[in-house]
Each structure stands twice: as structure tokens, then as C-alpha cells.
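The primary structure of each chain is shown beneath.
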Amino acid sequence: MPPQNRACVSGLSSMNIQEEIQSAIQRAVTELYQQTVTEVPLQPTKKEFEGTYTFVTFPLTKALRQAPAQIGQAIGTWLVDHTTVVSGFNVVQGFLNISVADAAWLDVLRDMAGNPAFGTLSQPDGASVMVEFSSPNTNKPLHLGHLRNNFLGDSVSRILAANGYRVTKTCIVNDRGVHICKSMLAYRMFGTDASGQPETPASSGMKGDHLIGKYYVLFDKAYKAQVEEMVAAGTPKEEAEKTAPLMQEVQQMLRLWEQGDPETVALWRQLNSWVYTGFDETYRNIGVSFDKTYYESNTYLLGKEIVEEGLAKGVFYRKDDSSVWIDLTDEGLDQKLVLRSDGTSVYMTQDLGTTDMKYTDFGTDRQIWVVGNEQDYHFKVLFAILRRLGRPYANGLYHLSYGMVDLPTGKMKSREGTVVDGDDLIAETTEAAATAADEAAKGKLDEFSDTEKADLFRMLGLGALKYYLLKVDPQKRMQFNPAESVDLHGNTGPYIQYVHARIRSVLRKAASEGISVNLADLTVEAAGQLDPIEQQLIFLLSQYPQRVQEAGTDYAPSYIAQYAYELAKTFNQFYDKLSILKESDTTKLKNRLILSALLAETICKAMGLLGIEVPEKM
RNA sequence: GGUCCCGUAGCUCAGUUGGAUAGAGCAUCUGCCUUCUAAGCAGACGGUCUUUGGUUCGAAUCCAAACGGGAUCACCA
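Every value quoted in this text rests on a predicted model; they were computed, and no experiment measured them.

### Details of the overall build of chain A
Piece 1. On a plain count of helices and strands, chain A comes out with 23 helices and 14 strands.
Piece 2. Along the longest, intermediate and shortest principal axes, the C-alpha atoms of chain A span 90 × 65 × 40 Å.
Piece 3. Burial statistics for chain A: of 618 residues in total, 51% are counted as buried.
Piece 4. Considering only contacts in chain A between residues 6 or more positions apart, those separated by 24 or more positions represent 74%.
Piece 5. For chain A, the exposed area adds up to about 28,400 Å²; of that, 49% sits on carbon and sulfur atoms.
Piece 6. Between the centroid of the 61 positive side chains of chain A and the centroid of its 78 negative side chains there is a distance of 2 Å.

Right under this line is the structure:
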């Protein structure tokens with residue numbers, strides 16, 4: 001991806017400590033050494049040293065012809081003498097650790113707290129992006145792997161929106177094809193009870209997607225039995241798999257569907273509509289929605305005219321059997337089929353057409369696909385083709401690839417029935433959260449009504465699950481441990497949710513005691529000393545816009561998860577070390593309240609970027 | 001076999017553009033609630049960053065090779 005504009009980061013305030021120190025260091029070097037430095041990277045000072053920002057002087061030793069420590073000493077002294085921001089420094093070898101004046105911290109706090117849009121960035125050109133995710137098949141319910149996909153896509157969409165992009169969320173439903181016909185056929189065969197009544201979601205009490213999933217499994221069973229029988233009778237396995245009567249029937253059904261046979265189409269519509277009702281319920285449960293849903297039954301014929309175009313442009317070539325190919329060997333890829341010899345489409349043909357269509361519909365500068373890493377190769381080829389066809393959007397395409405989710409027992413395998421169902425998992429997670437939370441609450445929830453409790457437990461269960469799946473780098477294959485996923489302690493969603501509730505509780509108490517929390521009360525000058533933990537909190541908060549921006553450029557919800565945890569953890573340390581409401585110095589007290597309020601708000605925003613709600617009480 | 005991804009504490013994972021003695025959580029052990037929510041905090045224990053070379057003031061990070069795990073290389077999607 002092209003690097004984004006770094007300049008949009010600092011829209012937060014007139015007073016940006018980091019930038020101020022950076023430019024001051026540049027001036028220091030110019031004045032002290034008559035040299036210019038263009039890059040002034042600062043890093044957070046390690047915990048065991050005093051200071052907030054660290055400037056590494058090793059790289060300057062050659063140009064300035066001085067020892068690293070000497071340079072640090074000189075620059076540090078200069079900063080203290082010539083700026084109001086830097087209050088002190090210490091030098092350890094090539095590391096210049098810089099401490100910031102309390103007045104500067106409080107200034108920053110005031111700017112952040114006074115800006116309701118803090119952390120919402122803007123793109124000067126009003127850039128737009130489309131995120132495609134979820135994209136389920138209509139022959140089975142969503143499972144754990146789909147949840148990772150959905151949470152990623154949803155979160156990335158929110159992060160990009162916070163970065164100032166116009167975001168369009170799309171979903172392409174795979175609602176046709178052989179696999180759909182399998183469910184349809186099985187339903188026609190087994191879906192009627194002894195008295196001739198067809199099974200429906202209502203009659204069975206099953207969610208529509210689960211009901212259809214059941215028939216998909218039934219087909220597979222019957223088909224396998226048939227193949228085994230044929231093999232036992234002497235037919236070679238491969239031949240049996242192709243010629244089994246059930247498979248023939250499925251193929252015939254697909255042909256009928258493609259011809260628009262009314263009866264087949266009616267059955268298809270009926271079953272799919274049940275599945276959609278089921279999916280809608282799941283999406284509502286997990287808080288995921290789309291701006292536009294595409295159906296493959298409408299798009300599967302697209303792309304053929306692009307094949308013609310490619311042939312005319314000489315990008316594709318036709319073989320003797322009249323199949324059409326592209327040769328990408330000079331890019332380290334292979335030769336790839338784009339149209340079958342019988343003139344019908346393959347996956348690639350369709351994707352070429354759909355990508356064009358999405359661009360025609362929305363004209364977004366970028367398109368992102370959240371799709372598992374087993375399709376890495378497919379997307380490399382797709383993007384390469386679109387580049388060669390000279391599509392104007394070709395450089396804005398990105399495959400957000402993610403790894404599989406394994407179980408402690410190993411891979412999820414649908415054939416072995418080890419797949420973790422999404423709905424079941426959410427129900428179990430909520431249940432586990434309820435049990436654990438009820439116990440941990442120790443009476444705190446006594447005044448909650450049943451619906452309030454249910455709402456909280458749902459929030460905690462879902463928060464635990466989303467956080468668990470999002471805190472890991474998408475690219476990495478990850479292990480799903482059911483016990484860990486519902487944990488309320490440590491680096492978890494509920495831990496962060498708890499901190500939010502904790503802060504809100506303090507703020508409520510302050511209000512009930514008649515302590516006002518107006519920004520105007522924030523005293524910058526006579527504030528006295530800030531505790532290092534308070535400085536650390538303000539520093540962390542000031543990093544928020546930058547983290548949002550980095551998460552946007554890297555499509556990385558995990559950055560936000562990590563950040564939210566740091567905020568929560570640091571607040572707990574602050575909360576343990578210093579009293580807020582019992583502070584006798586009212587200036588300090590009000591400053592702490594403002595700091596706490598901003599912290600709650602920022603935790604809420606950050607968790608919101610992960611699609612996680614935070615409670616007022618827990 | 002070709003290509004791509006991954007390899008960090010017993011387990012699950014962080015580790016920003018190469019920087020200080022590599023960090024969290026879980027698990028195990030030890031302290032801290034008459035005081036704002038203890039669903040918390042503090043501490044202890046735990047490492048040849050898979051291995052070997054290279055690049056340089058400096059490498060978990062960059063390069064190369066090996067080893068281990070995974071994916072993919074269909075006229076499937």
C-alpha cells in the first residue's frame with residue numbers, strides 16, 4: 001500500500017509535545033554543531049529510566065564527531081535552557097532521556113479533553129475505501145473462522161472510518177453452485193416427515209442456517225455411502241465419486257437452476273431465505289452490518305466481456321481448445337486460466353467482473369478483501385491481471401489475509417465434526433461470562449434488572465470473544481482456547497471493560513458529591529507536581545491519534561487492542577497509587593477527574609474501533 | 001518439487017522506522033481491601049528470540065542458507 005500522509009496525525013491540538021521536542025532537537029543540533037538533521041526519531045523511554053521520550057544519539061556520532069554521551073549531554077542541556085517543554089534530562093550512553101514539564105502535560109490534557117473529535121482523523125482528499133468481508137456460503141452456518149473474518153472486517157472498517165475515509169462495507173454471498181444444490185437435493189430427499197409435512201425453521205425450531213447445514217451434512221453422508229458401495233462393487237474410487245447417482249442429480253439440479261427451472265428456483269429461494277433469516281440474526285448478535293450485499297447468483301456470469309477486452313489488448317491469449325489464459329510467469333506467478341474451453345466462467349473470471357462492478361457502483365479509491373490466507377495466490381493473480389488491464393483502481397487493491405484458527409486439539413475439520421459453530425460459541429461465551437461475572441461482581445449487580453444483567457453479560461461475553469480474536473496479528477495462525485477466550489482477567493476484553501466501568505463509577509460518585517468536572521477547572525500553572533504515573537497516562541493518551549493512524553495504514557486492529565490494554569493497565573496502576581476523590585488538593589483532584597474522564601472516553605473509543613461496547617457499571 | 005506465510009518464557013501472544021538488562025497475559029508461588037468498583041495492584045519464578053553465517057557502533061527486527069510447521073500450485077470456489 002502507498003504510505004499515507006503522516007501530516008494528518010497532528011490535527012489533535014496546537015500543542016504537540018513530540019513534534020515540539022523533535023523540532024527543538026533539530027534547532028539544537030544546528031546551533032551546537034552547525035549541522036542539519038532531517039529525521040529525529042523519538043521513542044518512549046523504557047520504564048526503568050526516568051523520562052518520557054528518548055532520543056538515540058548513536059547515529060549522530062559520525063556526523064558530529066563526538067561521543068554519543070557527549071552529544072546527549074549537550075543537546076539535553078540546550079533543550080532545558082531553550083524550551084519550556086523540556087524540564088529535565090538524563091543521559092545513558094547514547095540515550096538521551098527527556099522529561100517533560102508538568103505545565104506542558106496539562107496543556108496537552110486540556111487540548112485533548114477539549115476536543116470531542118479527539119482521535120478522529122481526516123483525509124484531506126476525502127478518500128474512500130471499500131471493505132469486503134464475511135462473504136458466507138448459504139449452505140452452512142457461520143463458524144469460528146468466519147467470526148475472525150467478521151470481527152476483522154468490521155473492525156478494520158471502523159478504523160478506516162476513524163482515519164477519515166468514507167467506508168463502504170460489502171459482503172458477497174455465495175448463494176449458488178454445486179454446494180448449494182447439495183443441500184437442496186438432500187432437503188428434497190429427506191426434508192419431509194412421515195405425514196408429508198416439509199421441515200421448516202418453524203417446525204423444527206432450528207435457525208434457518210443451521211437447518212440447511214443439517215441437510216448439507218446429510219447429503220455428504222448419503223453420497224459417501226453411495227460411493228463406498230460402488231467402490232465395494234468394484235468401481236474405482238475416482239470414477240465412483242464422479243458417477244455416483246447423487247452427484248449426477250446434483251449436477252442436473254445445477255443445470256436446471258441455471259436454466260431457470262421454476263421448481264428448482266423456487267426451492268432455492270425458499271431455502272436461501274431461511275438461511276438469510278438465520279444469518280441476519282447472527283449478524284445482529286455480533287453487531288456486524290453491511291452497506292451493500294452482493295449475491296453471487298447475480299454476479300457469477302460477470303467478467304466475460306473483460307476476457308474479451310483482455311484478448312483484444314493482448315493481455316490474455318487463447319489456446320487451441322479455445323480456453324483463455326494469462327501468462328504471469330515473468331512476475332513469478334504461473335499461467336492462469338481465466339475462461340474455460342466451453343466458454344464458462346471460473347472463479348477468476350467472476351472476480352474480475354465483480355471487482356469492476358464494485359468500482360462502478362461505488363468508485364472507491366481502494367478495495368480491501370478480508371479473506372483467509374489460503375487464497376493469497378488467487379489475489380496476487382487477480383491484482384496482477386487488473387494492473388495489466390490498466391484499471392485505474394488497480395493500485396488500491398489489498399488482500400487482508402488472515403490465518404486459520406486452530407483448536408487446542410488441532411485443526412478444525414468439518415468432516416470430523418470438530419468445527420466450532422459461531423452461534424453456539426457466542427451463546428457459550430455469554431453463558432461463561434455470566435457465570436464468572438456473577439461470581440466476581442460480589443453484589444455489585446444487585447440493583448440490575450434481569451434485562452440489564454443479560455445486556456451486560458452479552459457485552460462481556462462478546463467483548464471477550466472479539467478481543468481474543470482481534471488482539472492477534474491477522475496474518476498469524478492462532479490457537480483458540482475456549483477457557484482463555486472467556487477469561488475476565490489479564491489481557492482480555494472484560495479487563496478493559498472493567499476499567500471503563502470503574503472510571504465511570506468514580507465520575508458518578510464525583511457528580512453525586514457535587515464535584516464539577518469542567519475543563520475550565522483544569523489548572524495548568526499552579527498545578528504542582530504531576531505524579532509520573534499521571535504523566536505516563538497523559539503521554540499514552542496523546543499517542544491515541546497516532547495509533548489510530550498506524551492501525552489504519554497497516555489494517556491492524558491488534559494495534560488498537562494492544563493500546564486499549566495499555567491504557568487500562570496504566571489506569572489501574574494510577575488508581576491503585578493515587579486517590580482521586582480523596583485528594584485534598586482540589587486542583588489536583590479536578591485535574592485527576594478530567595484525566596480519568598478523558599481516559600474512559602478514549603477507552604470507549606478504542607474499544608469501539610474493535611466493535612466492542614463498554615459498560616457503565618459492572 | 002516451485003512459490004508464499006509463520007517460528008520469541010511451560011502455554012497463548014506483544015515487540016512500531018534496527019537501539020538500553022527482549023515484554024504482557026495464563027499457569028505456579030508470595031504480599032496488599034474498616035479507605036473512589038480487589039472483575040484490581042505489587043512482587044517472585046520463567047528466555048541460546050529454531051540454527052548457522054552475513055550487513056554495522058548496535059540485530060528478535062535487515063540479507064542468505066538450513067531445519068521445523070502451515071498454505072497454495074484445478075477447465076473447484
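### What about the domain arrangement of chain A?
By a frequent convention, interface size equals the accessible area lost on bringing the separate parts together.
Piece 1. What the domain assignment reports for chain A is domain 1 (6-100), domain 2 (177-287) and domain 3 (423-609).
Piece 2. Computed from C-alpha atoms alone, the centre-to-centre distance between domain 1 and domain 2 is 67 Å.

### Observations regarding the side chain of Ser134
Piece 1. Relative to the helices and strands, Ser134 is located in the loop between β5 (128-132) and α5 (144-162).
Piece 2. Using a relative accessible area of 4% as the deciding quantity, one classes Ser134 as buried.
Piece 3. If we skip the residues at most four places from it in the chain, Ser134 touches Asn149, Asn150, Cys171, Tyr283 and Phe290.

### Details of the sheet that holds strand β9 (residues 324-327)
Piece 1. The strand order across the open sheet built from 3 strands is β8-β9-β10, with neighbouring strands paired in antiparallel fashion. Edge strands, defined here as strands with exactly one partner in the open sheet, are β8 (317-318) and β10 (335-339).
Piece 2. Two elements, β8 and β9, share 2 bridges in a ladder whose sense is antiparallel. Bridged to Tyr317 within β9 is Trp325.

### Observations regarding the sheet that holds strand β2 (residues 53-56)
Piece 1. Across the sheet, which stays open at both edges, the 4 strands sit in the order β1-β2-β4-β3 with antiparallel pairing between neighbours. Only two strands of the sheet have a single partner each, and these edge strands are β1 (42-44) and β3 (86-92). Neighbour to neighbour, the strand axes of the sheet diverge by 30° on average, direction disregarded.
Piece 2. Relative to β2, β1 runs antiparallel, the two being bridged by 3 bridges. Pairing of Pro44 across the sheet is with Tyr53, part of β2.

### As for the packing of helix α17 (residues 450-470) against helix α19 (residues 493-512)
Piece 1. Relative to each other, α17 and α19 sit at 130°, their axes nearing to 7 Å. Viewed along their axes, α17 and α19 adopt a mutual orientation that is oblique. Residues Met459, Leu460, Gly463, Ala464 and Tyr467 of α17 pack against Gly493, Pro494, Ile496 and Gln497 of α19.
Piece 2. Taken together, the residues that form the contact of α17 with α19 break down as 6 nonpolar, 3 polar and no charged.

Reading the values: the criteria
- Residues numbered from 1 in each chain as written.
- Chains lettered and ligands numbered in written order.
- Predicted model: local features only at pLDDT ≥ 70, side-chain atom pairs only at ≥ 80, totals over all residues.
- Heavy atoms only, no water.
- Helix = DSSP H or I, 4+ residues; strand = E, 2+ residues; numbered from the N terminus.
- Buried < 20%, exposed > 50% of the residue type's maximum accessible area, 1.4 Å probe, protein only.
- Contact = heavy atoms within 4.5 Å.
- Areas by Shrake-Rupley, 256 points an atom, 1.4 Å probe, with all protein chains shown as cover.
- Lys, Arg positive; Asp, Glu negative; His and termini not counted.
- Charge placed at Lys NZ, Arg CZ, Asp CG, Glu CD.
- Domains from an automatic or database assignment.
- Pairing = 2+ DSSP bridges.
- Axes fitted to C-alpha atoms, helices over the stretch in contact; angles between N-to-C directions.
- Parallel < 35°, antiparallel > 145°, perpendicular 65-115°, else oblique.
- Nonpolar A, V, L, I, M, F, W, Y, C, P; charged D, E, K, R; others polar.

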